[in-house]
Amino acid sequence: MTSRLSQLTSHLTYPRGLLANQVAIITGGGQGIGAETATLFANEGAKVVIADVDHDKATQTATKINSAGAGDRALAVVGDILDDNYLETLVQRAAEFGDGKIHIIVNNAGFTWDGVIHKITDKQWDTMLAIHNTAPFKLVRAAAKYFRVKDGEPRCIINISSTSGLHGNAYVLSFFSFLFFSLHCPTPAMPCLCYSNKMGTPDQSLRLCLRLCLRLWIWIWIWIWTG
């Protein structure tokens, strides 16, 4: 009985937050789903590393989080995730920010360069595969040593894709294959299919990210309709 009470007590994180003492890298964290995920995670006690190619948006998001009373919980690391050197720097900065630990990666960065198959250029094809598949793979590989540890602390990788991976034009192959990349991560990775027909702050999607980090919903295909 005593051991059971101790176990239950360890799960009570108020007022520290559900992600207290965890460190998260969030790519594309300067706006949209990424920025809202970073804000929610910080509010739940995590330290968030905002990775974004847009300096102003990344900095603004980090400043907003830190000035909202969350303390020194957000760090903007600006750069292009297609740059191998940047990925190494990102992981290093995140580990330093987390006192040698990284608990969560949210592979969220991406964009659409649309086209029908007979009009897609080689550059379009290569760029879509690079941003949605190769870059997340390289980030996970670079951070693998921080996930392949047995310290009793939770680790989680969330790969955010799109329902366009199940239908649409030829370029969306990158979204579909990204889902299966999740099966080969160094820690159980949760594929999250998100759909939105408008820009904004998709609250449902980011709260799904939180639930995945808490391992409440694991290996379940979830469709999020925010429009």
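Let us look at the structure shown here. (Residues numbered from 1 in each chain as written. Predicted model: local features only at pLDDT ≥ 70, side-chain atom pairs only at ≥ 80, totals over all residues. Heavy atoms only, no water.)

### Thoughts on the packing of aromatic side chains
How two aromatic rings sit relative to each other is set out by the distance from centre to centre and by the angle between their planes.
In step 1: The tally for this structure, following the rule as stated, stands at zero aromatic pairs.
In step 2: Positioned above the aromatic ring of Phe97, the side-chain terminus of Lys47 is 4.3 Å from the ring centre. (Phe/Tyr/Trp six-rings, centres within 6.5 Å; stacked < 30°, edge-to-face > 60°. Lys NZ or Arg CZ within 6 Å of the ring centre and 35° of its normal.)

### Looking at empty space enclosed by the protein
In step 1: If you walk through the whole model with that rule in mind, you get one cavity of 30 Å³ or more.
In step 2: Its volume calculated, the largest cavity comes out at about 30 Å³.
In step 3: Lining the largest cavity, in full, are Thr27, Ile81, Leu87, Asn107, Ala135, Pro136 and Leu139.
In step 4: A per-element tally of the lining of the largest cavity places helix α5 (residues 122–147) first, with three residues.
In step 5: Split by residue class, the lining of the largest cavity holds five nonpolar, two polar and no charged. (1 Å grid on protein atoms, 1.4 Å probe; cavity = no way out; pocket = protein on both sides within 12 Å on 5 of 7 lines; lining within 4 Å. Points joined across faces, edges and corners; volume = space filled by probe spheres on them. Helix = DSSP H or I, 4+ residues; strand = E, 2+ residues; numbered from the N terminus. Nonpolar A, V, L, I, M, F, W, Y, C, P; charged D, E, K, R; others polar.)

### As for the pairing of strand β2 (residues 47–52)
Two faces make up the sheet, and in a regular strand the side chains alternate between them.
In step 1: Among the six residues in β2, five count as buried, and that is most of the element.
In step 2: Handedness of the crossover joining strand β1 (residues 23–27) and β2 through helix α2 (residues 32–43): right-handed.
In step 3: Note that β2 and strand β3 (residues 74–78) share five bridges and pair parallel. What sits directly across from Asp52, in β3, is Val78. (Buried < 20%, exposed > 50% of the residue type's maximum accessible area, 1.4 Å probe, protein only. Right-handed = clockwise from strand over helix to strand, strands pointing away. Pairing = 2+ DSSP bridges.)

### Considering the environment of Lys47
In step 1: Among the structural elements, Lys47 can be located in strand β2.
In step 2: Lys47 sits in the partly exposed class, given a relative accessible area of 23%.
In step 3: The spacing of Lys47 and His103 is 56 residues in sequence and 9.9 Å in space, taken between C-alpha atoms.

### Quick look at the nonpolar core
Considering soluble globular proteins, one finds that nonpolar side chains tend to be buried as a cluster.
In step 1: Counting residues in each nonpolar core, the largest one holds 25 residues, and the members touching the most others are Ile25, Leu90 and Ile102.
In step 2: Those elements that provide at least two residues to this core are β2, β3, α4 (84–97) and α5.
In step 3: Counting residues per element, this core draws most heavily on α5, at nine residues.
In step 4: In this structure, Ile102 is in contact with Val23, Ile25, Val91, Ala94, Ala95, Tyr146, Phe147 and Arg155, ignoring residues within four places of it in sequence.
In step 5: Counting 19 residues, the second largest nonpolar core, distinct from the first, contains Ala46, Ile65, Val106 and Ile158. (Core = buried A, V, L, I, M, F, W, Y, C linked by side-chain atoms within 4.5 Å. Contact = heavy atoms within 4.5 Å.)

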